[in-house]
Amino acid sequence: MRIERHPLLSPSLGTQRELLSFHFGEAGRGQKVYLQASLHADELPGMLVLHHLKHLLAQAEVRGEVLGEVVIVPVANPIGLAQTVMHDQFGRFDLNSGENFNRRYPDFFAAIADGIATKLGADAEANKRVIRTAMVDVVAHQPVLTELDSLRRTLLRLAVDADVALDLHCDNEALLHIYTEAPYLEQATPMYRYLGAETVLLARGSGAASFDEALSGVWWQLAERFGPQYPIPLACLTATVELRGKTDVGHESALRDAANLYAFLQHRGVLAGAVPAIPEACCEPTPLAGSETLRAPCAGVIAYLKRLGEHIQAGEVVAEIIDPMTDKVTEVKATVEGRLFARANRRYATRGLDLGKVAGKVAFRTGNLLGA
Ligand SMILES: [Zn+2]
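Quick caveat, the model's predicted, so the values are computed rather than measured.

Some thoughts on the overall build of the protein chain
Argument step 1. Along the protein chain, the regular secondary structure elements total eight helices and 20 strands.
Argument step 2. The C-alpha atoms of the protein chain give 21 Å as radius of gyration, which agrees with the globular expectation for 372 residues (21 Å, within 12%).
Argument step 3. Taken along its principal axes, the extent of the C-alpha atoms in the protein chain is 65 × 55 × 45 Å.
Argument step 4. The long-range share in the protein chain, meaning contacts at least 24 apart out of those at least 6 apart in sequence, stands at 70%.

See the structure below:
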């Protein structure tokens, strides 16, 4: 195991943060897998999972079983991790700029498509190298003014040439669910089956400029633009893996998730050893555009009538919002049929609060599918 330290730009006199990456195997030999946790810094299950996976990988390395390269960053956001405000951890948005830590990643397609047009040919592997070189160049020339800019660029630099990049997050209260890109479904299927995902949400670009989609989207967008005479592989499978809810941090689930990730890396040929059989799927993937976010139409105490994982019919009441002063009870109903895969983890709603998400089978939303 090799440890690299990446100093971030200092935002203020007398302070300096750094990012640590852990490297297993050899760069340039076989496939590269990149895993990071807690980019939203208050989403901690993945941090414990990577702690355990790090030890499994170190043992595999001693046995000579790392066939490719694995890079892990268990603490992907030291800026957000230090944002404790009035005893509450505040890790989704940068307090300095208000920016979501998982937004504003570059549009590689827009940045490189014109420049590589004359360099592509009939060889898919050669085209992959051309595109990777151009992407590395984009990252190297990202404007970096702030500490947050330097965090984003460091993470991209570590992940930009990966064949698989998994970004480990969690929701408030949730089933294990996965966001991934529809064109990669074939590659993503073993991944979500090993992980036991109970909801899989597919999109062709969510419009959010998130870390994962920046890395994967460019490949199918270029393939569509240049067509079959210039074959371009889907060379970076990515996913945002939502490891249940914010308090689902414990050794039992983390050890199981780490073992499942290990099995997936064996399946990809990055780790040696007998490959465990791919488990049965726990769900059918559904479109991200079919996922309904239920919002509180008024303020009040939240009383859920449906549990996580329940199958909801359209028109069923998922929660009640109660005003105990007027005794007014407001029902919040799903308008789509599907599984309730996430709920809020607080029980007081201000108007507009996200109360939960239902994974419907039929796409009905357009535009930015992930919001802020
Ligand atoms: Zn997140």
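Topic: the pairing of strand S20 (residues 354–360)
Argument step 1. The element S20 is extensively covered by neighbouring structure, given that six of its seven residues are classed as buried.
Argument step 2. As paired elements, strand S18 (residues 338–343) and S20 share five bridges and run antiparallel to each other. Counted as the bridge partner of Arg339 is Ala359 from S20.

A few points about the domain arrangement of the protein chain
Argument step 1. Entries for the protein chain in the domain assignment read domain 1 (2–284) and domain 2 (289–360).
Argument step 2. Each of domain 1 and domain 2 has a C-alpha centre, and these two points are 31 Å apart.
Argument step 3. Tallying the contact residues gives 12 residues for domain 1 and 11 residues for domain 2.
Argument step 4. For the side of domain 1 that touches domain 2, the elements supplying multiple residues, two or more each, are strand S8 (173–174) and strand S10 (199–203).

Focus on the sheet that holds strand S16 (residues 317–323)
Argument step 1. What the four strands build is an open sheet, ordered S17-S16-S14-S19; its pairing is antiparallel. The open sheet has two free edges, formed respectively by strand S17 (328–333) and strand S19 (348–349), since each of these has just one partner strand.
Argument step 2. Of the strand pairs in this sheet, strand S14 (residues 300–304) and S19 are connected by two bridges, and their pairing is antiparallel. Across the sheet, the residue bridging to Gly300 is Ala349, located in S19.

Quick look at the environment of Ala188
Argument step 1. Residue placement: Ala188 occurs in helix H6 (residues 185–195).
Argument step 2. In this structure the C-alpha to C-alpha distance between Ala188 and Trp219, which are 31 residues apart in sequence, comes to 15 Å.
Argument step 3. Beyond its immediate chain neighbours, meaning those up to four positions away, Ala188 contacts Thr180, Leu237 and Ala239.

Comments concerning helix H8 (residues 251–267)
Argument step 1. With 17 residues, H8 extends 24 Å between its outermost C-alpha atoms, agreeing within 8% with the 24 Å of an ideal straight helix rising 1.5 Å per residue.
Argument step 2. The complete set of buried residues in H8 reads Ala254, Asp257, Ala258, Asn260, Leu261, Tyr262, Ala263, Phe264 and Leu265.

A few points about the packing of helix H1 (residues 45–62) against H8
Packed helix pairs are specified by the crossing angle of their axes together with the interaxial distance, meaning the distance between the axes.
Argument step 1. Interaxial distance between H1 and H8 falls to 8 Å at its minimum, and their mutual angle equals 55 degrees. For the element pair H1 / H8, the angle class is oblique. Handedness of the H1/H8 crossing: right-handed. Contacts from Pro45, Leu48, Val49, His52, Leu53 and Leu56 of H1 reach H8 at Ala254, Leu255, Asp257, Ala258, Leu261 and Tyr262.

Observations regarding the packing of helix H3 (residues 108–116) against helix H4 (residues 124–140)
Argument step 1. Remark: H3 packs on H4, axes separated minimally by 10 Å, with the N-to-C direction vectors making an angle of 125 degrees. Considering the angle they form, H3 stands oblique to H4. The hand of the H3/H4 crossing is right-handed. Facing H3, whose interface residues are Phe108, Ala111, Ile112, Gly115 and Ile116, H4 presents Val130, Ile131, Ala134, Met135 and Val138.
Argument step 2. Residue classes in the contact of H3 with H4 are distributed as nine nonpolar, one polar and no charged.

Topic: the nonpolar core
Argument step 1. Judged by nonpolar contacts, the single largest core of 103 residues is most densely connected at Val49, Val70 and Ala159.
Argument step 2. Counting contributing residues per domain, this core is built from domain 1 (2–284) and domain 2 (289–360), each supplying no fewer than three.
Argument step 3. Residue contacts for Val70: discarding those within four places in its chain leaves Phe24, Gly25, Val33, Leu57, Leu265 and Val270.

A short note on the sheet that holds strand S3 (residues 32–37)
Argument step 1. Taken in spatial order, the nine strands of this open sheet run S1-S2-S4-S3-S7-S11-S9-S10-S12, and their pairing is mixed. Looking along the sheet, the strands with just one partner apiece sit at the ends: strand S1 (2–7) and strand S12 (286–287).
Argument step 2. Two elements, S3 and strand S4 (residues 69–73), share five bridges in a ladder whose sense is parallel. Each bridged residue has a counterpart across the sheet, and for Tyr34 the counterpart in S4 is Val71.
Argument step 3. Each of strand S9 (177–181), S10 and strand S11 (237–242) is contacted by H6, which is oriented at about 30 degrees to S11, the strand it contacts most.
Argument step 4. Along the sheet, helix H7 (residues 211–226) makes contact with strand S7 (164–169), S9 and S11, crossing S11 at roughly 155 degrees.

Focus: the environment of Arg347
Argument step 1. Take Arg347: it is sitting in the loop between S18 and S19.
Argument step 2. Considering only alpha carbons, one finds Arg347 and Arg2, 345 residues apart in sequence, at a separation of 44 Å.

How each quantity is defined
Along each chain, residue indices are assigned from 1 in the same order as the chain's sequence is written. Confidence filtering applies because this is a predicted model: local features only for residues at pLDDT of at least 70, side-chain atom pairs given and counted only at 80 or more, and all residues used for totals across whole chains, interfaces and linings. Note on conventions: DSSP H or I runs of at least 4 residues are helices, E runs of at least 2 residues are strands, and numbering of each starts at the N terminus. Between the two quantities, the radius of gyration covers C-alpha atoms and the globule rule is 2.2 Å times the number of residues to the power 0.38. Think of it this way: build a C-beta for each residue from its backbone, and any pair within 7 Å is a contact. To sort residues by exposure, count the other C-beta atoms lying within 10 Å of each residue's C-beta; 20 or more gives buried, 12 or fewer gives exposed, and values between give partly exposed, all with C-beta atoms placed from the backbone. Being paired, for any two strands, means DSSP has found at least two bridges between them. Boundary definitions for the domains trace back to an automatic or database domain assignment. A helix's residues, less one, multiplied by 1.5 Å, set its expected span. Every angle, taken between N-to-C directions, lies between 0 and 180 degrees, and every axis is a line fitted to C-alpha atoms, over only the stretch in contact when it is a helix. For classification purposes, angles smaller than 35 degrees are called roughly parallel, those larger than 145 roughly antiparallel, those between 65 and 115 roughly perpendicular, and all remaining angles oblique. A clockwise turn of the near helix away from the far one marks a right-handed crossing, whereas an anticlockwise turn of less than a right angle marks a left-handed crossing. Side-chain classes follow a simple rule in which Ala, Val, Leu, Ile, Met, Phe, Trp, Tyr, Cys and Pro form the nonpolar group, Asp, Glu, Lys and Arg form the charged group, and the remainder, Gly included, forms the polar group. For our purposes the nonpolar core covers buried Ala, Val, Leu, Ile, Met, Phe, Trp, Tyr and Cys residues that link as a set through C-beta atoms within 7 Å.

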